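The lines below spell out each chain.
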Amino acid sequence: MKCIFGIDLGGTQIKIGKFIDGKLVLKYAIDTDVSDNGKNIINDICVTIEKNLNSDTLIGIGIDVPGPVKDGWVLGAQNIGWKSVNVKGEISNRFPNVLVEVLNDANAALYGEYYCGGAKGYKNVVMMTLGTGLGGGIIIDGKVYEGANGSSGEIGHICIDKNGRDCTCGLKGCVEQYTSAVGILRTADEMRKSCGKETMLNKENLTCKDVFDFAKLGDEVALEVIEDVTDKLAIGAAAVCNTLNPDLMLVGGGVSKAGEFLLERLEKKFKKYAFYSVRDTKFALAKLGNDAGIFGSFYSVWCKVDESSNL
Ligand SMILES: [Zn+2]
């Protein structure tokens, strides 16, 4: 059988999916070896593919990486130790005559959601991925928009307060500093200290999920934190929608597990900040969770194979 591999290269794990006839038939994960500036990573991936090919014929490999991508090159991926790496070239050398696609991880997640998840059926989509940071991806007319140097969709670094919190990017007041899991915990910590009220947020080892859970239980201070988070996220979302006018804003990442509770508040506040003609932009939750990357990487190949009618 002809098969395609969809690979999601993350900072701690590499998730690998084997697809036959458009269906995920095998899924496994290996640890990301970041030693020696990650020089073993591509070989580890190729070996894993070879091991799991069995009697199937490999026709394509899609891989997403945690950094900007242009023409098959990764232009730096700090958390796996990479500077400029020709991922497409290196994998193609190992597997000649196989279609190889390389894409940014946020874009891959978006592709996955676009083809078979929460954004299915929409043509113009922006995804906000709320995790440790706030990532983004843009699909215009059914195609991922990468930008001049692969840096499109950096929604997390929209400035919402020029005198605000320092950001890891070197700027101040980036929306990510308030709406990522890390940012939410920081706000929770500040509010719990300054509120002068009893609050469940005083729990030891508070997690971002706790903050949402306590808010859902009606804890006043936790609710205030969520109001603040969704307000700031709505300002960022409005800036994006005023610019791109997408059909859909898709909300994904670990923080989005808070579900409708988060989405309802975000949508309500969004209407307050958005230009009147984009005020009715639809919002939805991502559906594929941690598998979005392998599905998106797979589809980046599948849609091309399909077009050239090799299958
Ligand atoms: Zn920033």
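Procedures and definitions
- Residues numbered from 1 in each chain as written.
- Predicted model: local features only at pLDDT ≥ 70, side-chain atom pairs only at ≥ 80, totals over all residues.
- Heavy atoms only, no water.
- Helix = DSSP H or I, 4+ residues; strand = E, 2+ residues; numbered from the N terminus.
- Expected span 1.5 Å × (residues − 1).
- Buried < 20%, exposed > 50% of the residue type's maximum accessible area, 1.4 Å probe, protein only.
- Arc of directions from axis to C-beta.
- Contact = heavy atoms within 4.5 Å.
- Axes fitted to C-alpha atoms, helices over the stretch in contact; angles between N-to-C directions.
- Parallel < 35°, antiparallel > 145°, perpendicular 65-115°, else oblique.
- Left-handed = near helix turned anticlockwise from the far one by under 90°.
- Donors = N, O, S within 2.8 Å, 3.2 Å for Na, K, Ca; no water.
- Tetrahedral: all angles 85-135°; square planar, octahedral: opposite > 155°, others 65-115°.
- Polar contact = N/O pair within 3.5 Å; in protein donor to acceptor, adjacent residues only side chain to side chain.
- Salt bridge = Lys/Arg side-chain N within 4 Å of Asp/Glu carboxyl O.

Student: Tell me what's going on with helix H6 (residues 181-194), and back it up with residues and numbers.
Tutor: Taking 1.5 Å per residue as the helical rise, H6 with its 14 residues ought to reach 20 Å, and the 20 Å between its terminal C-alpha atoms agrees with that figure. Considered for burial, the residues of H6 that qualify are Gly-183, Ile-184, Thr-187, Ala-188 and Met-191. Along H6, the residues classed as buried sweep out an arc of 140 degrees about the axis, all on the same side. Residues of H6 that are buried make contact with helix H5 (176-179), helix H7 (208-216) and helix H8 (220-244). With its phi angle positive at about 65 degrees, Gly-196 sits one or two positions after the end of H6.

Student: Please give an account of the packing of H8 against helix H9 (residues 260-273) that cites residues and values.
Tutor: Viewed as axis vectors pointing N to C, H8 and H9 meet at an angle of 55 degrees, and their least axial separation amounts to 7 Å. In terms of axis orientation, H8 runs oblique to H9. Read as a crossing pair, H8 and H9 show a hand that is right-handed. In this structure, H8 uses Leu-223, Ile-226, Glu-227, Thr-230, Asp-231, Leu-233, Ala-234, Ile-235, Ala-237, Ala-238, Cys-241 and Asn-242 to contact H9, whose residues at the interface are Phe-261, Leu-262, Arg-265, Leu-266, Lys-269, Phe-270, Lys-272 and Tyr-273.

Student: Go over the coordination of the zinc ion, please, and point to the residues and values.
Tutor: Surrounding the zinc ion are the protein donor atoms His-157 (ND1), Cys-167 (SG), Cys-169 (SG) and Cys-174 (SG), which sit 2.0 to 2.3 Å from the metal. In this structure, the zinc ion is surrounded by four donor atoms whose angles at the metal cover 106 to 116 degrees, and the resulting shape is tetrahedral.

Student: Which residues make up the side chain of Thr-230, and what are the values?
Tutor: Residue placement: Thr-230 occurs in helix H8. You can call Thr-230 buried: its relative accessible area is 1%. Polar contacts involving the side chain of Thr-230 include one to the main-chain carbonyl oxygen of Glu-227, which spans 3.2 Å. When residues no more than four places from it in sequence are discounted, the contact partners of Thr-230 are Leu-262, Arg-265, Leu-266 and Lys-269.

Student: How would you explain the environment of Asp-71 if you had to name every residue and give the values?
Tutor: With respect to the helices and strands, Asp-71 occurs in the loop between strand E5 (69-70) and strand E6 (73-77). The spatial distance from the C-alpha of Asp-71 to the C-alpha of Asn-86 is 8.8 Å, given a sequence separation of 15 residues.

Student: Which residues make up the pattern of salt bridges, and what are the values?
Tutor: With the rule as written, the count across this model stands at 21 salt bridges. In this structure, the salt-bridge partner of Glu-227 is Lys-269, at a minimum N-O distance of 2.5 Å. Of this pair, Glu-227 sits in helix H8 while Lys-269 sits in helix H9, placing them 42 residues apart in sequence. Accessibility expressed as a relative area gives 33% for Glu-227, which makes it partly exposed. According to the relative accessible area criterion, Lys-269 is buried, its value standing at 12%. Between Lys-271 and Asp-280 there is a salt bridge, with its nearest N and O atoms 3.7 Å apart.

Everything listed here is a matter of coordinates, which is why it stays silent on function.
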